[in-house]
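Examination of the molecular architecture
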Amino acid sequence: MTAVPVPHRVVARRAETADTVTLRFEPVGSALPDFLPGQFAMVHSFGRGEIPVSVSSVQATGGLAHTVRSVGAVSDGLCAARVGDVVGIRGPYGTSWESARARGRDVVIVAGGIGFAPLRPLILAVLAEPAAYRSVNVLIGARTPSDLIARAEVASWATAYTGVTVDQPEVDWRGDVGVVTELLGRAQFEPEETTAYVCGPEPMIRATSRELAHLGVPRDRIQVSLERNMRCATGHCGHCQLGPLLVCRAGPVVDWTCAEPLLSVREL
Amino acid sequence: MSAAPAALDRDGLSALVAVLVADGRTVVGPTVRDGAIVLSELDSADALPYGWGVELEAGRYRLVPREDGAAFAHSAGPQSWKNFLHPSRERLWSADRTAEGEVTFTAHEPAAPAYAFLGVRPCDLRAIAIQDRVLIGGRYEDTGYGTRRRGALLIAAECTEPGATCFCISTGGGPAADPGYDLALTEVVDEDGHRFLVRVGSEEGARLLERVPHHGADLATEATARASVDAARDRMGRSLPPVDLRSLMGASLDAERWNDVAERCLTCGNCTMVCPTCFCTTTEEVTDLTGDHTERWQRWDSCFDLDFSYLHGGSVRRSPRSRYRQWLTHKLSTWHDQFDTTGCVGCGRCIAWCPVGIDITEEVAALDAERGTESD
């Protein structure tokens, strides 16, 4: 069966930042199978095309939502969608964050920029079961305070430690300035007993995962979400290759044992 | 299918094509056009390239007349069967928007003529098996490919005349047809005449053979056919170094040789277009003038294209060096990781049709030599 998008109506729209919008969807007719945190969908903008977007909310907890940053023709079109508009979505595709591997352990979740969005459903799932984990730490970095997503929601989370830092402060910013790895020293975790989840720009994933591994977090307990060009999401178009991986089916979530050698080769 | 081999003469082959055409099949086979032996729809066996061979070299392809009048004594031309099974452009689905803003999506029924492929070389038979693994062998199926593939009848022509750019032996293949065909022909031209040894590979092949005039192959025909296929094994024009290619590629990601080949490579993508296993595609959104009807089209793409690896902010593989490396390491190494098979059948098309004559066997040999130098 050809993978054809399923119509979904935009039921809520929230402008997160100047260039980022969260859209919440309800199926117009038949629904897609349940997404897991970390998985992605191909989202269609009518007349423009399709892009892969990880889910920022799943059906099981609050309904299907995508957070989209406007960086090209398709994402521009999606960011301009209004409540009531119909958008085509197909999925779920790819691997998910393995939260079961964190049970009984310290959890460290590190987000850079829009990389916060794919981690959000994982954070909600972990916080919904506080007794299942020794501690939960959420570390968030962004370019500027204006680029921070869901600040009120983040402030409401009951974690062992929540840190927010920006590269460039603005006049009313009283928080941390610097790269997100600088927050690791304040988080409450025992590296050998930690499961970590990292999503953000590739240099941030590389720096953060290396630092976590250096601190003693086992490499196979550091999960990262990778991004590559994708046209089909079904393993046929060849675009999402990263060395031996087809990111659409082996990823987007892979562990650092797998990702480290691949992200260490320039232009792979 | 262990039935004794049969033999067809030229009239028998003509009858075979006539039966396929009468059955409503679209018969595709080699024919001479535009100075090359191309694959095209055939109305009759008369269109086969009787009496034509080819001379190949890196960046060079020439037709040459043959005195023996053979139809299948030529090696790979500019096309392969992917042009038919995995066409360069295909509509996937369309979407329509009403005045009220409701949107419906409609899957496109794939164009699927009942193909009969005549003269599939053993290397190309292996290439079809590789594309099967990629496009219909995984969790998701390329519907269009699957529909066309399952409807296609494959008549192989074993290789008795390898070209100067051929190296199928190095990729685990050979001039004899592997299973997967419906019928396999081996052409024999000698003082006893012009005929085709026929082996049956499927029930459908057997039924087809029953409908055309044929006779049991005599021992001499069988022996001559076997001998010429065996002899072809030793007549391959090129070879890859006899090393583990996966580990060679894995150890060569930082090789100096990529800079050397990047000096010559035009990143035109010809090698990926002529390659019988290269499967990569991109998608295009096409709207009509109303703006309320849009179509999703798939078309061939090439990893040599700068846009192939585009992410917001720029392409991952910007340098020609990284794009040639992607193509070669995928073909010979990471294809195994992704699809549990090599991506190269040694047909030599990428060598012949490279406008600057880059030779995959020479590049691999240079990478092997460079690794040897480093480990000394």
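Residues numbered from 1 in each chain as written. Chains lettered and ligands numbered in written order. Predicted model: local features only at pLDDT ≥ 70, side-chain atom pairs only at ≥ 80, totals over all residues. Heavy atoms only, no water.

**Remarks on the domain arrangement of chain B**
All names here are of chain B. For chain B, the assigned domains are domain 1 (6–88 + 100–233) and domain 2 (245–375). Between the C-alpha centres of domain 1 and domain 2 the distance comes to 26 Å. The partner domain 2 presents 30 residues to the 30 residues of domain 1 that form the contact. Note on domain 1 versus domain 2: buried area summed over both sides is about 2600 Å², and carbon and sulfur give 62% of it. Considering only the surface of domain 1 that becomes buried against domain 2, K82, I130 and F167 emerge as the three largest contributors, covering 23% of it. Counting across the domain 1 and domain 2 interface gives two salt bridges. (Domains from an automatic or database assignment. Contact = heavy atoms within 4.5 Å. Buried area = accessible area lost by both parts, 1.4 Å probe. Salt bridge = Lys/Arg side-chain N within 4 Å of Asp/Glu carboxyl O.)

**Quick look at the packing of aromatic side chains**
With the rule as written, the count across this model stands at 18 aromatic pairs over all chains. Judged by centre distance (5.7 Å) and plane angle (70 degrees), the ring pair of Y93(A) and Y140(B) falls under edge-to-face. Taken together, the residues span two chains, with Y93(A) in strand β6 (residues 86–93) and Y140(B) in the loop between α3 (122–135) and α4 (143–151). When the centroid spacing of 5.8 Å and the interplanar angle of 75 degrees are considered together, the rings of F84(B) and Y115(B) count as edge-to-face. Of this pair, F84(B) sits in helix α2 (residues 82–85) while Y115(B) sits in strand β8 (residues 115–120), and the two are 31 residues apart along the sequence. Just above the ring of Y50(B) sits the side chain of R10(B); from NZ or CZ to the centre is 3.5 Å. (Phe/Tyr/Trp six-rings, centres within 6.5 Å; stacked < 30°, edge-to-face > 60°. Helix = DSSP H or I, 4+ residues; strand = E, 2+ residues; numbered from the N terminus. Lys NZ or Arg CZ within 6 Å of the ring centre and 35° of its normal.)

**A word on the interface of chain A and chain B**
Taken together, the contacts link 42 residues of chain A with 49 residues of chain B. In this assembly, chain A packs against chain B so that about 3700 Å² is buried in total across both faces, 54% of it on carbon and sulfur atoms. It is F46(A), H236(A) and E267(A) in chain A that bury the most area against chain B; as a group they hold 22% of the surface buried on that side. On inspection of chain A and its partner chain B, the count reaches two salt bridges.

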